[in-house]
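Architecture and fold: a report
Take a look at the letters that make up each chain.
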Amino acid sequence: MIPVNTPLLDGNEKAYLAECIETGWISSEGPFVKRFEDEFAHAVGRQHAIACANGSGALDIAVAAAGIGPGDEVVMPTFTIISPAASVVRAGGTPVLVDCSSETWNMDVAQIERRITPATKAILVVHIYGLPVDMTGVLEIARRHNLVVIEDAAEMHGQYVHDRPCGSFGLISTFSFYPNKHVTCGEGGMVVTDDEVIAEKCRGYRNLCFQAKRRFVHEELGWNYRMTNMQAAVGLAQLEKLQSHVIRKRQIGERYLNRLEGTPGIVLPPTEAGYAKSIFWVFGLLVEEGHPLSSGDVMKALGERKIGTRPFFYPMHQQPVFQKQGLFVNESYPVAEALSQHGFYVPSGLGLTDNQIDEVADALKQIMASV
């Protein structure tokens, strides 16, 4: 079996975890949490980093710290994982969607301004799959309309927009450390910001809003979204190898591109924009519209060959949970719908070997040639 993701844990992970066990510091109060926060903030060019339990929790914290609540609209992409929209809805806000660009698979910046109303409070950017959103245009729109920018950089560890790291834009940015990310803790997340007041709010929200002097007296409701010392130990070890992980991801992407170029019925992923080159967080593909095989057919055939795959994100405007709430009625976003219908990704983890890449590529070519 070639899993869709195999993490690479060949640095100081064992040594740092052993230190946690030997010292007894396994909780969120252990020293690796602060070390990980400090090093991560430096890596993404931020003043403050707040470690938390997972990337979805990081978004909950960011949305709360940005002051989003009932009556507030947040412009965001429809083509994304559900977490950003869920955080806005749970806060009482309303997601306002834009389609994505067929050239980058990211939210179409040119559509943002027409979706702004007097109720708009923020723009929530989500970088998708390998290329980031061009933040220059987003920041300019936000400046003109006095809007908060929240940047979901969950998939973008080590990526840059021009010469600035993803995660360094806007009021607040968030990251995920799920096993398929360039930096993993198994589970984990991070909120980063340059605003000291916002950072302090985020620290409170991740820790049940305990107060320093009256610990069990609460002025606000928060969450238990703390990161353990053991998670942070793994994250720190991973962060030490971030640059080599980015290099390897690009090697994986390039090998797939070379092996699959010209395969009938397959559309290869976008590899660069004027402001960034892909870091191939995953290697996504599209089955050409009208091809006898659907993306589901191809994924099933690969699965029969013991090759793992995942479908592309399902657009927010088509999510049953939101439709039941009366959101996005009669809305259509054709690019996102096409990507979701025809897209999937193949094994892309850092532990993937060149021989496995070749095996996946050969199997895919055989499947596409079978009709």
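Summary of the structure given here.

Cut-offs used in this document
- Residues numbered from 1 in each chain as written.
- Predicted model: local features only at pLDDT ≥ 70, side-chain atom pairs only at ≥ 80, totals over all residues.
- Heavy atoms only, no water.
- Salt bridge = Lys/Arg side-chain N within 4 Å of Asp/Glu carboxyl O.
- Helix = DSSP H or I, 4+ residues; strand = E, 2+ residues; numbered from the N terminus.
- 1 Å grid on protein atoms, 1.4 Å probe; cavity = no way out; pocket = protein on both sides within 12 Å on 5 of 7 lines; lining within 4 Å.
- Points joined across faces, edges and corners; volume = space filled by probe spheres on them.
- Buried < 20%, exposed > 50% of the residue type's maximum accessible area, 1.4 Å probe, protein only.
- Pairing = 2+ DSSP bridges.
- Core = buried A, V, L, I, M, F, W, Y, C linked by side-chain atoms within 4.5 Å.
- Contact = heavy atoms within 4.5 Å.
- Polar contact = N/O pair within 3.5 Å; in protein donor to acceptor, adjacent residues only side chain to side chain.

1. So, the pattern of salt bridges
Counted according to the given criterion, the structure contains 16 salt bridges. Between Asp60 and Arg90 there is a salt bridge; the shortest N-O distance is 3.2 Å. Within this pair, whereas Asp60 is found in helix α3 (residues 55–65), its partner Arg90 is found in helix α4 (residues 83–90), the two being separated by 30 residues in sequence. Close ionic contact of Arg144 with Glu113 constitutes a salt bridge, the shortest N to O distance being 2.7 Å.

2. Focus on the layout of surface pockets
Approximately 440 Å³ is the volume attributed to the largest pocket. Lining the largest pocket are 25 residues, and of these Ile81, Ser83, Ser176, Lys181 and Phe313 sit closest to its centre.

3. Considering the pairing of strand β8 (residues 172–176)
Summarising burial for β8: 5 of the 5 residues are buried, a large majority. Alternating positions in β8 separate into two faces, Ile172, Thr174 and Ser176 on one and Ser173 and Phe175 on the other, with burial throughout. In this sheet, β8 lies alongside strand β5 (residues 148–152) in parallel orientation, the contact comprising 3 bridges. Bridge assignment links Glu151 to a residue of β8, and that residue is Ser173. In this structure, β8 lies alongside strand β9 (residues 189–193), joined through 5 bridges in antiparallel fashion. Across the sheet, the residue bridging to Ser173 is Val192, located in β9.

4. Some points on the nonpolar core
Ranked by internal contacts, the top residues of the largest apolar core, which has 50 residues, are Phe36, Phe40, Ile112, Val138, Phe177 and Met190. Contact partners of Val138, with chain neighbours within four places excluded, come to Val109, Ile112, Ile123, Val125, Val133 and Val149. Ala65, Leu97, Val126 and Phe313 belong to the second largest nonpolar core, which has 47 residues in total.

5. A word on α3
Where burial is concerned, most of α3 is hidden: 9 out of the 11 residues are buried. Those residues of α3 that are buried lie in contact with β1 (48–52), α4, β5, β8, β9 and α6 (196–206). A distance of 3.2 Å separates the backbone nitrogen of Ser56 from a side-chain oxygen at the start of α3, and that oxygen is part of Asn54. Just beyond α3, the residue with positive phi is Gly67, at close to 80°.

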